[in-house]
Amino acid sequence: MNKSRRPLIAGNWKMNAGGRDALGLATGVAKASAAYDAVDVVVGPPFTALAGAAHALESTGSAVTVAAQNMSAEASGAFTGEVSASMLKDSGVTWVILGHSERRALYAETDEIVTRKVAAAIAARLRPIACCGETLEEREAGRTMEVVERQVRAFLPELAKEPGFGVIAYEPVWAIGTGKVAKPEDAQAVHAMIRGLLWQSSETLAHATRILYGGSMKGDNAAGLLSQPDIDGGLVGGASLDAAGFAKIAAAAQELAR
Ligand code: 13P
(Lines give C-alpha, C1' and ligand atoms only; values in the text may rest on other atoms or scores of the structure.)
Protein backbone atom coordinates (compact mmCIF):
# COMPACT_ATOMS: atom_id res chain seq x y z
CA MET A 1 0.00 0.00 0.00
CA ASN A 2 1.11 3.48 -0.77
CA LYS A 3 -0.27 6.09 1.60
CA SER A 4 -1.06 8.44 -1.27
CA ARG A 5 -3.91 6.12 -2.30
CA ARG A 6 -6.92 5.45 -0.09
CA PRO A 7 -7.33 1.68 0.41
CA LEU A 8 -10.47 0.06 -0.96
CA ILE A 9 -11.90 -3.20 0.37
CA ALA A 10 -14.74 -4.53 -1.78
CA GLY A 11 -16.89 -7.58 -1.19
CA ASN A 12 -18.12 -9.65 -4.13
CA TRP A 13 -21.00 -11.69 -2.73
CA LYS A 14 -21.39 -13.55 -6.05
CA MET A 15 -24.73 -15.45 -6.20
CA ASN A 16 -25.25 -15.40 -2.42
CA ALA A 17 -27.25 -13.34 0.06
CA GLY A 18 -29.54 -11.75 -2.51
CA GLY A 19 -32.78 -12.08 -0.58
CA ARG A 20 -33.86 -11.27 2.93
CA ASP A 21 -30.37 -11.86 4.28
CA ALA A 22 -28.84 -9.08 2.15
CA LEU A 23 -29.92 -6.15 4.30
CA GLY A 24 -28.60 -7.80 7.44
CA LEU A 25 -25.24 -8.44 5.83
CA ALA A 26 -24.96 -4.95 4.33
CA THR A 27 -25.86 -3.19 7.57
CA GLY A 28 -23.70 -5.66 9.52
CA VAL A 29 -20.72 -4.67 7.36
CA ALA A 30 -21.56 -0.99 7.92
CA LYS A 31 -21.55 -1.47 11.71
CA ALA A 32 -18.48 -3.69 11.84
CA SER A 33 -16.40 -1.39 9.62
CA ALA A 34 -17.68 2.00 10.85
CA ALA A 35 -14.46 2.74 12.74
CA TYR A 36 -12.24 2.25 9.67
CA ASP A 37 -12.59 5.72 8.26
CA ALA A 38 -9.34 5.64 6.30
CA VAL A 39 -10.68 2.83 4.10
CA ASP A 40 -13.33 2.76 1.34
CA VAL A 41 -15.56 -0.22 2.12
CA VAL A 42 -17.84 -1.62 -0.60
CA VAL A 43 -20.42 -4.43 -0.58
CA GLY A 44 -21.38 -6.33 -3.75
CA PRO A 45 -24.80 -8.01 -3.49
CA PRO A 46 -26.65 -9.68 -6.40
CA PHE A 47 -28.93 -7.47 -8.55
CA THR A 48 -32.05 -8.23 -6.47
CA ALA A 49 -30.56 -6.69 -3.33
CA LEU A 50 -28.68 -3.70 -4.78
CA ALA A 51 -31.33 -1.01 -4.36
CA GLY A 52 -32.35 -2.27 -0.93
CA ALA A 53 -28.77 -2.40 0.33
CA ALA A 54 -27.96 1.03 -1.12
CA HIS A 55 -31.06 2.54 0.46
CA ALA A 56 -30.42 0.92 3.86
CA LEU A 57 -26.80 2.10 3.92
CA GLU A 58 -27.69 5.61 2.85
CA SER A 59 -30.49 5.96 5.41
CA THR A 60 -28.17 4.97 8.25
CA GLY A 61 -25.57 7.50 7.10
CA SER A 62 -22.99 4.76 6.45
CA ALA A 63 -19.96 5.47 4.27
CA VAL A 64 -20.17 1.94 2.84
CA THR A 65 -21.07 1.98 -0.87
CA VAL A 66 -22.56 -0.65 -3.15
CA ALA A 67 -21.16 -2.48 -6.18
CA ALA A 68 -23.03 -4.48 -8.81
CA GLN A 69 -21.29 -7.61 -10.12
CA ASN A 70 -22.06 -7.15 -13.81
CA MET A 71 -24.11 -5.02 -16.23
CA SER A 72 -25.00 -4.73 -19.88
CA ALA A 73 -22.75 -2.86 -22.30
CA GLU A 74 -25.91 -1.48 -23.91
CA ALA A 75 -27.68 1.68 -22.73
CA SER A 76 -31.31 0.53 -23.22
CA GLY A 77 -33.57 -1.43 -25.54
CA ALA A 78 -34.60 -4.99 -26.40
CA PHE A 79 -32.11 -6.93 -24.28
CA THR A 80 -34.29 -9.24 -22.20
CA GLY A 81 -32.91 -9.94 -18.77
CA GLU A 82 -30.17 -7.32 -18.95
CA VAL A 83 -29.54 -4.37 -16.62
CA SER A 84 -27.94 -1.11 -17.81
CA ALA A 85 -25.41 1.15 -16.14
CA SER A 86 -27.90 3.99 -15.72
CA MET A 87 -30.40 1.63 -14.04
CA LEU A 88 -27.72 0.67 -11.53
CA LYS A 89 -26.82 4.30 -10.98
CA ASP A 90 -30.50 5.15 -10.44
CA SER A 91 -30.73 2.34 -7.88
CA GLY A 92 -28.09 3.94 -5.69
CA VAL A 93 -25.20 1.79 -6.89
CA THR A 94 -21.74 3.42 -6.96
CA TRP A 95 -19.49 0.69 -8.41
CA VAL A 96 -19.68 -2.18 -10.87
CA ILE A 97 -17.37 -5.20 -11.01
CA LEU A 98 -16.60 -5.90 -14.68
CA GLY A 99 -14.77 -8.73 -16.42
CA HIS A 100 -14.63 -11.00 -13.38
CA SER A 101 -12.98 -14.30 -14.33
CA GLU A 102 -16.27 -16.14 -13.70
CA ARG A 103 -17.96 -13.89 -16.29
CA ARG A 104 -15.08 -14.42 -18.70
CA ALA A 105 -14.99 -18.21 -18.25
CA LEU A 106 -18.70 -19.05 -17.82
CA TYR A 107 -20.37 -16.33 -19.91
CA ALA A 108 -17.76 -15.88 -22.65
CA GLU A 109 -16.94 -12.26 -21.87
CA THR A 110 -14.05 -11.21 -24.07
CA ASP A 111 -11.60 -8.32 -23.57
CA GLU A 112 -13.67 -6.41 -26.12
CA ILE A 113 -16.94 -6.90 -24.24
CA VAL A 114 -15.31 -6.00 -20.92
CA THR A 115 -13.90 -2.82 -22.47
CA ARG A 116 -17.32 -1.83 -23.86
CA LYS A 117 -18.81 -2.36 -20.40
CA VAL A 118 -16.10 -0.26 -18.75
CA ALA A 119 -16.82 2.54 -21.23
CA ALA A 120 -20.60 2.28 -20.66
CA ALA A 121 -20.15 2.35 -16.88
CA ILE A 122 -17.99 5.47 -16.97
CA ALA A 123 -20.43 7.18 -19.34
CA ALA A 124 -23.20 6.59 -16.76
CA ARG A 125 -20.97 7.80 -13.89
CA LEU A 126 -20.77 4.31 -12.44
CA ARG A 127 -17.27 3.48 -11.16
CA PRO A 128 -15.81 0.33 -12.77
CA ILE A 129 -13.78 -2.29 -10.90
CA ALA A 130 -12.18 -3.88 -13.96
CA CYS A 131 -10.83 -7.40 -13.35
CA CYS A 132 -7.90 -9.30 -14.80
CA GLY A 133 -6.02 -12.47 -13.88
CA GLU A 134 -4.44 -15.60 -15.29
CA THR A 135 -5.66 -19.20 -15.04
CA LEU A 136 -3.60 -21.97 -13.43
CA GLU A 137 -2.77 -23.31 -16.88
CA GLU A 138 -1.54 -19.90 -18.02
CA ARG A 139 0.52 -19.46 -14.86
CA GLU A 140 2.13 -22.87 -15.22
CA ALA A 141 2.98 -22.06 -18.83
CA GLY A 142 4.80 -18.91 -17.63
CA ARG A 143 2.24 -16.67 -19.34
CA THR A 144 0.96 -14.69 -16.32
CA MET A 145 2.42 -11.31 -17.29
CA GLU A 146 1.47 -11.65 -20.95
CA VAL A 147 -2.16 -12.56 -20.19
CA VAL A 148 -2.68 -9.87 -17.56
CA GLU A 149 -1.00 -7.27 -19.77
CA ARG A 150 -3.35 -8.12 -22.65
CA GLN A 151 -6.43 -7.86 -20.42
CA VAL A 152 -5.34 -4.55 -18.88
CA ARG A 153 -4.27 -2.98 -22.19
CA ALA A 154 -7.81 -3.60 -23.49
CA PHE A 155 -9.65 -1.50 -20.89
CA LEU A 156 -6.83 0.88 -19.92
CA PRO A 157 -7.69 3.58 -22.51
CA GLU A 158 -11.17 3.85 -20.95
CA LEU A 159 -9.78 4.18 -17.40
CA ALA A 160 -7.29 6.77 -18.70
CA LYS A 161 -10.14 9.10 -19.62
CA GLU A 162 -10.69 9.82 -15.95
CA PRO A 163 -7.72 8.87 -13.76
CA GLY A 164 -8.76 7.48 -10.38
CA PHE A 165 -12.46 7.07 -11.18
CA GLY A 166 -12.05 3.38 -12.01
CA VAL A 167 -10.22 0.64 -10.15
CA ILE A 168 -8.37 -2.47 -11.36
CA ALA A 169 -8.62 -5.84 -9.59
CA TYR A 170 -5.96 -8.48 -10.17
CA GLU A 171 -7.44 -11.86 -9.34
CA PRO A 172 -5.34 -14.92 -10.22
CA VAL A 173 -8.02 -17.44 -11.18
CA TRP A 174 -6.27 -20.31 -9.36
CA ALA A 175 -6.52 -18.37 -6.08
CA ILE A 176 -10.28 -17.71 -6.30
CA GLY A 177 -12.32 -19.75 -3.86
CA THR A 178 -9.51 -22.27 -3.45
CA GLY A 179 -7.91 -21.06 -0.20
CA LYS A 180 -4.64 -20.84 -2.20
CA VAL A 181 -3.71 -17.20 -1.76
CA ALA A 182 -0.96 -15.72 -3.95
CA LYS A 183 2.34 -15.07 -2.17
CA PRO A 184 2.43 -11.31 -1.42
CA GLU A 185 5.64 -10.85 -3.44
CA ASP A 186 4.20 -12.74 -6.44
CA ALA A 187 1.03 -10.63 -6.38
CA GLN A 188 3.17 -7.49 -5.99
CA ALA A 189 5.16 -8.38 -9.14
CA VAL A 190 1.96 -8.47 -11.20
CA HIS A 191 0.61 -5.29 -9.57
CA ALA A 192 3.90 -3.52 -10.35
CA MET A 193 3.66 -4.64 -13.97
CA ILE A 194 0.09 -3.25 -14.14
CA ARG A 195 1.26 0.03 -12.55
CA GLY A 196 3.94 0.18 -15.25
CA LEU A 197 1.29 -0.09 -17.97
CA LEU A 198 -0.62 2.76 -16.34
CA TRP A 199 2.60 4.82 -16.28
CA GLN A 200 2.95 4.38 -20.03
CA SER A 201 -0.37 6.17 -20.36
CA SER A 202 0.27 8.88 -17.77
CA GLU A 203 1.90 9.51 -14.42
CA THR A 204 -1.42 10.76 -13.07
CA LEU A 205 -3.17 7.54 -14.07
CA ALA A 206 -0.43 5.45 -12.43
CA HIS A 207 -0.60 7.43 -9.19
CA ALA A 208 -4.39 7.67 -9.00
CA THR A 209 -5.46 4.14 -9.92
CA ARG A 210 -6.07 1.71 -7.10
CA ILE A 211 -5.11 -1.88 -7.93
CA LEU A 212 -6.88 -4.45 -5.74
CA TYR A 213 -5.83 -8.04 -5.13
CA GLY A 214 -8.47 -10.79 -5.11
CA GLY A 215 -8.26 -14.51 -4.44
CA SER A 216 -8.75 -16.14 -1.02
CA MET A 217 -8.08 -12.87 0.83
CA LYS A 218 -9.05 -13.14 4.50
CA GLY A 219 -8.52 -11.34 7.79
CA ASP A 220 -5.40 -13.35 8.57
CA ASN A 221 -3.59 -12.92 5.24
CA ALA A 222 -4.74 -9.41 4.31
CA ALA A 223 -1.97 -7.45 6.06
CA GLY A 224 0.79 -9.33 4.21
CA LEU A 225 -0.79 -8.57 0.85
CA LEU A 226 -1.82 -4.99 1.64
CA SER A 227 1.66 -4.09 2.87
CA GLN A 228 3.01 -4.54 -0.68
CA PRO A 229 3.63 -1.15 -2.33
CA ASP A 230 1.32 -1.63 -5.33
CA ILE A 231 -1.55 -3.48 -3.61
CA ASP A 232 -4.14 -0.85 -2.76
CA GLY A 233 -6.95 -3.00 -1.46
CA GLY A 234 -8.85 -6.21 -1.94
CA LEU A 235 -11.72 -7.75 -3.88
CA VAL A 236 -13.03 -10.35 -1.49
CA GLY A 237 -15.35 -13.26 -2.27
CA GLY A 238 -16.01 -15.90 0.39
CA ALA A 239 -14.77 -13.82 3.33
CA SER A 240 -17.13 -10.96 2.42
CA LEU A 241 -20.18 -13.04 3.39
CA ASP A 242 -19.39 -12.67 7.08
CA ALA A 243 -19.55 -9.06 8.33
CA ALA A 244 -17.07 -9.52 11.18
CA GLY A 245 -14.57 -11.45 9.02
CA PHE A 246 -14.83 -8.89 6.22
CA ALA A 247 -14.32 -6.05 8.70
CA LYS A 248 -11.04 -7.67 9.79
CA ILE A 249 -9.71 -7.07 6.28
CA ALA A 250 -10.82 -3.42 6.50
CA ALA A 251 -9.09 -3.24 9.90
CA ALA A 252 -5.82 -4.49 8.37
CA ALA A 253 -6.11 -1.83 5.65
CA GLN A 254 -6.84 0.88 8.22
CA GLU A 255 -3.79 -0.10 10.24
CA LEU A 256 -1.52 0.20 7.19
CA ALA A 257 -3.13 3.42 5.97
CA ARG A 258 -2.45 5.35 9.16
P1 13P B 1 -12.56 -15.59 -2.90
O2 13P B 1 -12.20 -14.48 -1.96
O3 13P B 1 -13.71 -16.43 -2.43
O4 13P B 1 -11.36 -16.40 -3.30
O5 13P B 1 -13.11 -14.89 -4.25
C6 13P B 1 -12.38 -13.89 -4.84
C7 13P B 1 -13.19 -13.27 -5.90
O8 13P B 1 -13.49 -13.86 -6.92
C9 13P B 1 -13.66 -11.89 -5.67
O10 13P B 1 -14.15 -11.31 -6.83
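Overview of the sheet that holds strand S5 (residues 127-132)
Move 1: The strand order S1-S2-S3-S4-S5-S6-S7-S8 describes a closed barrel built from 8 strands, whose pairing is parallel. Between one strand axis and the next, the sheet turns by 25° as a mean value, whatever way the strands run.
Move 2: Bridge count between strand S4 (residues 95-98) and S5: 4 bridges; the pairing is parallel. Of the residues in S5, the one forming a bridge with Leu 98 is Ala 130.
Move 3: Against the sheet, helix H5 (residues 111-123) engages S4 and S5, with an angle of about 175° to S4.

Some details on the side chain of Thr 115
Move 1: In this structure, Thr 115 sits in helix H5.
Move 2: For Thr 115, the contacting residues outside a window of four places in its chain are Ala 154, Phe 155 and Glu 158.

Some words on the site of the ligand
Move 1: Surrounding the ligand, one finds 13 residues, the nearest of these being Lys 14, His 100, Gly 177, Ser 216 and Gly 238.
Move 2: At 2.8 Å, a side-chain N or O of Lys 14 approaches an oxygen atom of the ligand.
Move 3: A distance of 2.6 Å separates an oxygen atom of the ligand from a polar atom in the backbone of Gly 177.
Move 4: Isolated, the ligand exposes 310 Å² of accessible area, and the fraction of that covered by the protein chains is 94%.
Move 5: Looking at the shell around the ligand residue by residue, the classes come out as 4 nonpolar, 7 polar and 2 charged.

Here's the deal with the packing of aromatic side chains
Move 1: Under the counting rule described, the total for this entry stands at 0 aromatic pairs.
Move 2: We note Arg 103 situated over the ring of Tyr 107; from NZ or CZ to the ring centre the distance is 4.3 Å.
Move 3: The ring of Phe 165 carries the charged tip of Arg 125 above its face, separated from the ring centre by 4.3 Å.

Observations concerning the nonpolar core
Move 1: Core analysis: the biggest nonpolar cluster contains 68 residues, and Met 71, Val 152, Ile 168, Ile 194, Tyr 213 and Leu 226 have the highest contact counts within it.
Move 2: Sequence-distant contacts of Met 71, defined by excluding residues within four places in its chain, comprise Phe 47, Val 83, Ala 85, Leu 88, Val 96, Leu 98, Lys 117, Ala 120, Ala 121 and Leu 126.
Move 3: Among the nonpolar cores identified, the runner-up in size contains 12 residues, and Leu 8, Ala 10, Trp 95 and Val 167 belong to it.

Regarding helix H7 (residues 144-159)
Move 1: Compared with the 22 Å implied by 1.5 Å per residue over 16 residues, the 22 Å span of H7 between its first and last C-alpha is a close match.
Move 2: By the burial criterion, the buried members of H7 are Thr 144, Val 147, Val 148, Gln 151, Val 152, Phe 155, Leu 156, Glu 158 and Leu 159.

Describing the environment of Gly 219
Move 1: When you line up the elements, Gly 219 lands in the loop between strand S7 (210-214) and helix H10 (222-226).
Move 2: Since its relative accessible area comes to 29%, Gly 219 is described here as partly exposed.
Move 3: With 30 residues separating them in the primary sequence, Gly 219 and Ile 249 have C-alpha atoms 4.7 Å apart.
Move 4: The residues touching Gly 219, leaving out its near neighbours within four places in the chain, are Lys 248 and Ile 249.

Thresholds, definitions, all that
- Residues numbered from 1 in each chain as written.
- Predicted model: local features only at pLDDT ≥ 70, side-chain atom pairs only at ≥ 80, totals over all residues.
- Heavy atoms only, no water.
- Pairing = 2+ DSSP bridges.
- Helix = DSSP H or I, 4+ residues; strand = E, 2+ residues; numbered from the N terminus.
- Axes fitted to C-alpha atoms, helices over the stretch in contact; angles between N-to-C directions.
- Contact = heavy atoms within 4.5 Å.
- Near = heavy atom within 4 Å.
- Polar contact = N/O pair within 3.5 Å; in protein donor to acceptor, adjacent residues only side chain to side chain.
- Areas by Shrake-Rupley, 256 points an atom, 1.4 Å probe, with all protein chains shown as cover.
- Nonpolar A, V, L, I, M, F, W, Y, C, P; charged D, E, K, R; others polar.
- Phe/Tyr/Trp six-rings, centres within 6.5 Å; stacked < 30°, edge-to-face > 60°.
- Lys NZ or Arg CZ within 6 Å of the ring centre and 35° of its normal.
- Core = buried A, V, L, I, M, F, W, Y, C linked by side-chain atoms within 4.5 Å.
- Buried < 20%, exposed > 50% of the residue type's maximum accessible area, 1.4 Å probe, protein only.
- Expected span 1.5 Å × (residues − 1).

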